[in-house]
Amino acid sequence: MTTTLPLLPARPPADDDLPAGAREHLTTTPFGLYVHVPFCATRCGYCDFNTYTSDELGPGANRAEYAGTAIAELSRAARVLGPDLPTVSTVFVGGGTPTLLPAEDLAAVLAAVRELFPVAADVEVTTEANPESVTPASLATLRAAGFTRLSLGMQSAAEHVLAVLDRRHTPGRAAQAAREAAAAGFEHVNLDLIYGTPGETDADWAASLDAVLAAPVDHVSAYALIVEDGTRLARRITRGELPMPDDDVLADRYVQADTTLRGAGFDWYEVSNWSRGDAARCRHNELYWANANWWGIGPGAHSHVGGVRWWNVKHPAAHAGRLAAGESPLADREVLDDADRALETVMLGLRLRDGLPLTALSAAGRLRAADAVARGLLDPAAHDAGRAVLTDRGRLLADAVVRDLTD
């Protein structure tokens with residue numbers, strides 16, 4: 001159950017716009033910044049993110065001015081959170097395609113973060129990128145500005161699979177971009193994969209995994225294709241042009257990915273994420289999974305501080321217009337109660353390699369956890385030690401296990 005609060009007033013927010021209780025552990029809870037860049041060159045057929053091509057933007061939204069808009073919102077965030085500001089441990093620039101902005105604009109946003117907030121000496125700074133949207137020169141600029149991690153949307157090494165997904169880059173471009181990032185000095189490089197695309201074969205998926213392992217990456221994310229309502233892909237499937245992804249095939253692809261990656265020295269630390277050692281984990285995502293604090297910058301961006309969650313207006317023009325007028329870009333917010341927090345602890349924690357303590361479950365949930373052990377979904381040794389940890393089979397059914405263990 002969530003409690004919806006009134007919208008924040010249309011003015012520069014005062015300190016008391018965050019309830020006192022939300023500030024209680026503000027400076028001792030890990031804190032990150034997320035910067036959403038809502039621009040894409042084209043819309044991928046499977047994507048339902050809050051992103052816009054040039055044709056979709058309409059009046060009042062200007063890519064050239066976006067860095068200034070983001071910096072204005074960062075300034076607003078510092079005013080709300082101050083005077084005792086939390087130390088920024090991670091910055092994640094996502095999208096959309098952040099690297100459609102000039103590298104100098106992204107560098108300016110990061111410089112503003114450092115001017116407005118205390119920043120940890122070992123801060124992790126990630127930007128997402130499409131392979132065709134970076135060059136050796138732009139990567140060198142980003143690295144010099146302080147970006148430490150690059151996450152590239154590879155999706156597949158098969159040309160016909162990329163075509164179904166409406167991806168623009170060539171099959172070998174993602175691995176080449178990873179090599180360019182390594183040459184520029186990025187400490188960590190991730191490749192994102194999607195499996196289960198209609199028309200993808202076992203050989204296609206094996207080739208994609210091989211291409212990842214041939215690149216200088218220390219992190220891999222692999223996600224099953226989800227057909228979202230309203231997307232071009234969903235319409236093509238509805239018309240019978242493409243088949244719906246098969247659940248059994250998706251499970252086989254996941255097992256194949258896990259086997260291949262683990263054989264090459266990658267370990268899973270979240271159901272869809274593998275890394276070469278703890279240092280290569282995405283610390284920003286771990287902050288989300290731990291229900292820590294983060295402030296989201298940009299249209300449609302979500303934030304969470306001390307049990308208060310809010311989200312911005314979605315359209316870039318509305319977002320920019322409010323900030324230009326000195327108004328809050330917030331669309332709505334909610335306060336999480338104890339039941340909400342307990343539910344999210346289970347939903348997020350169970351997907352992690354370390355799982356969660358059985359004490360995080362309700363009495364009924366603990367009974368169902370014992371049954372999940374008997375069904376091979378939770379690890380028996382971990383259960384005996386007081387933790388709920390997914391088995392390999394349990395990872396294939398993670399969503400179902402979460403539903404079963406929550407009230």
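Cut-offs and rules
- Residues numbered from 1 in each chain as written.
- Predicted model: local features only at pLDDT ≥ 70, side-chain atom pairs only at ≥ 80, totals over all residues.
- Heavy atoms only, no water.
- UniProt positions renumbered as here; feature names shortened; annotations may be inferred.
- Helix = DSSP H or I, 4+ residues; strand = E, 2+ residues; numbered from the N terminus.
- Rg over C-alpha atoms; globule rule 2.2 N^0.38 Å.
- Buried < 20%, exposed > 50% of the residue type's maximum accessible area, 1.4 Å probe, protein only.
- Contact = heavy atoms within 4.5 Å.
- Areas by Shrake-Rupley, 256 points an atom, 1.4 Å probe, with all protein chains shown as cover.
- Patch = residues over 30% accessible without salt bridge, like charges linked within 9 Å, V, L, I, M, F, W, Y side chains within 5 Å.
- Salt bridge = Lys/Arg side-chain N within 4 Å of Asp/Glu carboxyl O.
- Lys, Arg positive; Asp, Glu negative; His and termini not counted.
- Charge placed at Lys NZ, Arg CZ, Asp CG, Glu CD.
- Expected span 1.5 Å × (residues − 1).
- Domains from an automatic or database assignment.
- Buried area = accessible area lost by both parts, 1.4 Å probe.
- Core = buried A, V, L, I, M, F, W, Y, C linked by side-chain atoms within 4.5 Å.
- Disulfide = S-S within 2.5 Å.
- pLDDT = per-residue confidence, 0-100.
- Pairing = 2+ DSSP bridges.

By the naming in an unreviewed UniProt entry, the chain goes by Heme chaperone HemW and is assigned to Geodermatophilus amargosae. Heading Subcellular location (unreviewed entry) of the UniProt record for the chain holds this comment: "Cytoplasm". You can read under Function (unreviewed entry) in the UniProt record for the chain the words "Probably acts as a heme chaperone, transferring heme to an unknown acceptor. Binds one molecule of heme per monomer, possibly covalently. Binds 1 [4Fe-4S] cluster. The cluster is coordinated with 3 cysteines and an exchangeable S-adenosyl-L-methionine."

(A) Inspection of the overall build of the chain at higher detail. Counting its regular elements, the chain contains 16 helices and 15 strands. The C-alpha atoms of the chain give 21 Å as radius of gyration, which agrees with the globular expectation for 407 residues (22 Å, within 12%). When its C-alpha atoms are laid out on the principal axes, the chain stretches across 55 × 50 × 45 Å. Relative to its full complement of 407 residues, the chain shows a buried share of 52%. Long-range pairs, those at least 24 residues apart, make up 72% of the contacts in the chain between residues at least 6 apart in sequence. Of the roughly 17100 Å² of accessible surface on the chain, 54% is carried by carbon and sulfur atoms.

(B) Focus on a negative patch on the surface. Judged by side-chain charge, D246, D247, D248 and D252 come together as a negatively charged surface patch. Take D247: it is sitting in helix α9 (residues 247-263). Take D247: its relative accessible area is 61%, and that puts it in the exposed class.

(C) Up close: helix α12 (residues 338-349). Along its twelve residues, α12 runs 16 Å from first to last C-alpha, staying within 8% of the 16 Å computed at 1.5 Å per residue. Within the sequence span of α12, burial applies to D340, E344, V346 and G349.

(D) Geometry of the domain arrangement of the chain. When its domains are assigned, the chain resolves into domain 1 (20-290) and domain 2 (338-406). Averaged C-alpha coordinates put domain 1 and domain 2 at centres separated by 28 Å. Across the boundary between the two partners, domain 1 contributes 14 residues, which contact nine residues of domain 2. Taking both partners together, domain 1 and domain 2 bury about 1200 Å²; carbon and sulfur atoms supply 55% of that area.

(E) Representation of the nonpolar core within the structure. Counting residues in hydrophobic clusters, the biggest one holds 88 residues, and the most contacted among them are F117, V217, W295, L350 and L378. When residues in this core are grouped by element, the largest group, eight residues, is from helix α2 (residues 66-81). Both domain 1 (20-290) and domain 2 (338-406) contribute no fewer than three residues apiece to this core. Excluding its chain neighbours within four sequence positions, the residues that come into contact with L350 are T345, L356, L378, A388, L390, V401, V402 and L405.

(F) Structural context of the pattern of salt bridges. A full pass over the atoms with the stated rule returns 20 salt bridges. For E180, the salt bridge is made with R173, and the minimal N-O distance between the two is 2.9 Å. Assigned by exposure class, E180 and R173 land together as buried. Between R375 and D404 there is a salt bridge, with the nearest N and O atoms lying 3.1 Å from each other. Here R375 is found in the loop between α13 (363-374) and α14 (380-384), whereas its partner D404 is found in helix α16 (residues 398-405), with 29 residues between them in sequence.

(G) Molecular detail of the state of the cysteines. Counted by the stated rule, this structure contains zero disulfides. Free cysteine C40: the closest other cysteine sulfur is in C47, separated by 6.2 Å. Taking the relative accessible area as the measure of exposure, C40 reaches 12% and is therefore buried. Classification of C47 by relative accessible area gives buried; the value is 14%.

(H) A look at the confidence of the model for the chain. Per-residue pLDDT for the chain averages 92, and the proportion of residues at 70 or more is 95%. Every residue in residues 1-16 scores below 50 in pLDDT, and together they form 40 contacts with partners more than four places removed in sequence or on other chains.

(I) Fine view of the pairing of strand β6 (residues 188-195). Judged by how many residues are buried, β6 sits mostly within the fold: eight of eight residues are covered. Bridge count for strand β5 (residues 149-155) against β6 is six bridges, and the pairing is parallel. Bridge pairing in β6 links S151 to N190. The pairing of β6 with strand β7 (residues 219-224) spans six bridges and is classified as parallel. Residue pairing for β7: Y195 is matched across the bridge by A224.

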